[in-house]
Every structure is written in C-alpha cells, then in structure tokens.
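Chain by chain, the residues:
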Amino acid sequence: MSGGIGEGRLPMCRHTLSAITAAGLLCAGVPLLSCSSSRTHESTGEYVDDSAITTKVKAAILEDPALKSLQISVTTYKGVVQLSGFVDSKAMVDRAAEVAGKVSGVREVKNDLIVK
C-alpha cells in the first residue's frame, strides 16, 4: 500500500530530530567556549585570580615600610603584574618589583615605575 497517511513523514521526522539535536549540542557548547580564555581575553576564573593577585600586591606594597606609596598602580593580566606610577627613587622602583614578585600567583613583573 502506497500513498497512505503518514508515509514519507518518517524521513522528515528524522531530519528534524537530527537538526534539533545538533542545535542543542551547539548551544550547550557555547557557554563552555565563553569561559575559556584566549590571547586577548581572560576567562572568568583568570579574571578573579588576577583581581586577587592585584589586591595582594597592593597590600604588600602598602605594608612595606620602604614603599608605603599610593602612587603605585597595579594591574594584573594572566598572572603578569604591571607596576606603574611615580616613586621617589630608583631604590623604590627596585623594591616595588621585588615585593610584587614575592606575591603568590605572580608569574612576572613588568615594572613601569618612574622616578619623579
């Protein structure tokens, strides 16, 4: 018997089901991709880690009797700390880099401090 009701619909249903499954898998993968980092973008976890490192470095600089300077800015990206701002001497430039480098999680220190 050909030409009955429902004939020819089965392949269409399989196609639709495959398309829906593929779309679902694609959508499920998007959040995972957005949490990964790239060369120019940090993941959420990296951002939180870098914020914690920045806070620790700022606290260490303020606690150091030779530095105690609010004129030192600290930024961190993927564990690399950048120091910028103005200090009174070359010794302070060197000391700030030393203090920052000892903080847990710091992979590298880029010291852009300027002696005023």
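Calculation criteria
Position labels on residues start from 1 in each chain and follow its written sequence. Restriction of local features to residues with pLDDT of at least 70 applies here, the model being predicted, together with a cutoff of 80 or more for giving and counting side-chain atom pairs; totals for whole chains, interfaces and linings are based on all residues. Side-chain figures throughout are based on the complete set of non-hydrogen atoms in the structure, without hydrogens or water. Just to be clear on terms, a salt bridge is a Lys or Arg side-chain nitrogen sitting within 4 Å of an Asp or Glu carboxyl oxygen. The way it works is that DSSP assigns letters per residue, a run of H or I at least four long becomes a helix, a run of E at least two long becomes a strand, and they are numbered from the N terminus. Accessibility here uses a 1.4 Å probe with only protein chains present; expressed as a share of the type maximum, an area under 20% marks a residue as buried, one over 50% as exposed, and anything in between as partly exposed. What a helix should span is 1.5 Å times the count of its residues minus one. Each C-beta atom gives one direction from the helix axis, and the arc is the one those directions make. Grouping buried Ala, Val, Leu, Ile, Met, Phe, Trp, Tyr and Cys residues that are joined through side-chain atoms within 4.5 Å yields what is termed a nonpolar core. Contacts between residues were defined by any pair of non-hydrogen atoms, one from each residue, lying within 4.5 Å. Pairs of strands are assigned from DSSP output, requiring at least two bridges between the strands. Convention used here: a crossover is right-handed provided that the path from the first strand, over the helix, to the second strand proceeds clockwise when the strands point away from the viewer. Residue-level confidence of the predictor, termed pLDDT, takes values from 0 up to 100.

Draft legend 1. Region of the structure containing the pattern of salt bridges. One pass over the full model with this rule turns up five salt bridges. Here Asp 88 and Lys 116 are joined by a salt bridge, their closest N and O atoms 3.8 Å apart. Of this pair, Asp 88 sits in the loop between strand E2 (80–87) and helix H3 (90–101) while Lys 116 sits in the segment after strand E3 (108–115); the two residues are 28 residues apart in sequence, bridging distant segments of the chain. With respect to burial, Asp 88 and Lys 116 carry one shared label: exposed. Lys 102 serves as the salt-bridge partner of Glu 98, at 3.5 Å between the closest nitrogen and oxygen. We classify Glu 98 as partly exposed; its relative accessible area is 39%. Because the salt bridges share partners, they merge into one network encompassing Asp 64, Arg 95, Glu 98 and Lys 102.

Draft legend 2. Geometry of helix H2 (residues 44–63). Between the first and last C-alpha of H2 there are 29 Å, a value that for 20 residues agrees with the 28 Å anticipated at 1.5 Å per step. All of the buried residues in H2 are Asp 50, Ile 53, Thr 54, Val 57, Ala 60 and Ile 61. Along the long axis of H2, the arc covered by the buried residues comes to 130 degrees, so they all point the same way. Residues of H2 that are exposed and point more than 90 degrees away from the buried face comprise Thr 44, Thr 55 and Glu 63.

Draft legend 3. The arrangement of the nonpolar core in detail. Core analysis: the biggest nonpolar cluster contains 18 residues, and Val 57, Ile 61, Ile 72, Val 74, Val 81, Leu 83 and Leu 113 have the highest contact counts within it. Only H2, strand E1 (72–77), E2 and H3 provide two or more residues apiece to this core. The biggest single contributor to this core is H3, with five residues. Setting aside its immediate chain neighbours within four residues, Ile 72 contacts Ile 61, Leu 83, Ser 84, Val 87, Ala 96 and Leu 113.

Draft legend 4. Representation of the pairing of E2 in the model. Pairing of E1 with E2, which is carried by six bridges, proceeds in the antiparallel orientation. Looking at the pairing, Ser 73 lines up with Ser 84 of E2. Bridge count between E2 and E3: eight bridges; the pairing is parallel. Looking across to E3, one finds that Val 80 is bridged to Glu 108. For the handedness criterion, the β-α-β arrangement of E2, H3 and E3 is classed as right-handed.

Draft legend 5. Highlighting the confidence of the model for the protein. Summary statistics for the protein give a mean pLDDT of 78 and a share of 64% for residues scoring 70 or more. Ignoring residues within four places in sequence, the model shows residues 30–36, a span with pLDDT below 50, making four contacts including any to other chains.

Draft legend 6. Layout of the environment of Ser 69. With respect to the helices and strands, the residue Ser 69 is situated in the loop between H2 and E1. With a relative accessible area of 12%, Ser 69 lands in the buried category. In sequence terms Ser 69 and Asp 88 are 19 residues apart; their C-alpha atoms lie 9.7 Å from each other. With residues near it in sequence (within four places) discarded, Ser 69 still touches Ile 61, Leu 62 and Phe 86.

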